[in-house]
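One-letter residues, chain by chain:
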Amino acid sequence: MTEARFDDTIHAPVRLRICGLLNNADRLDFAVVRDTLGVSDATLSKHVKTLVDAGHVTISKSASANRTDARRVTWLSLSPTGRSAFAAHIRALQDIAGSRT
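Please read these numbers as outputs of a predicted model, since none were measured by experiment. (Residues numbered from 1 in each chain as written. Predicted model: local features only at pLDDT ≥ 70, side-chain atom pairs only at ≥ 80, totals over all residues. Heavy atoms only, no water.)

Visitor: What is the right way to look at the nonpolar core in this model?
Guide: A general tendency of soluble globular proteins is for nonpolar side chains to be buried together. Ranked by size, the top nonpolar core spans 19 residues in total, and within it Ile18, Leu22, Val33, Leu37 and Leu44 carry the most contacts. In terms of residues, this core owes the most to one element, helix H2 (residues 13-23), which gives four residues. Not counting residues up to four positions away in its chain, the partners in contact with Ile18 are Val33, Leu37, Leu44, His47, Val48 and Leu51. (Core = buried A, V, L, I, M, F, W, Y, C linked by side-chain atoms within 4.5 Å. Buried < 20%, exposed > 50% of the residue type's maximum accessible area, 1.4 Å probe, protein only. Helix = DSSP H or I, 4+ residues; strand = E, 2+ residues; numbered from the N terminus. Contact = heavy atoms within 4.5 Å.)

Set out below in structure tokens:
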């Protein structure tokens, strides 16, 4: 069981939502995360960079099967460290809210 630990990096609302989305998938397309959160490319890029710098998120790129040009798809994933930090942060929030048994 993960020990509760509040994480200031994850706690920012957009970053918390990014981690929540990525926690439920192996990886997600940058555009899917952007559209789901309803934020701009620049906003998402800024928050993803913060999560990458903290070691919580990894980025990979691949050719798009649906495109004939050189554009690539950017994939976002929670790293093992990120998954652990997210779980610990959620436990800390549950402790704060008094909803953990």
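Visitor: So what exactly am I meant to see when it comes to helix H4 (residues 41-53) here?
Guide: The periodicity of an α-helix, 3.6 residues per turn, causes residues three or four positions apart to be oriented the same way. Relative to the 18 Å expected for 13 residues at 1.5 Å per residue, H4 spans 18 Å between its end C-alpha atoms, a close match to the ideal helical length. Where H4 is buried, its residues contact helix H1 (8-11), H2, helix H3 (30-37), strand S2 (57-63) and strand S3 (72-78). Gly55 sits one or two positions beyond H4 and adopts a positive phi of about 85°. (Expected span 1.5 Å × (residues − 1).)

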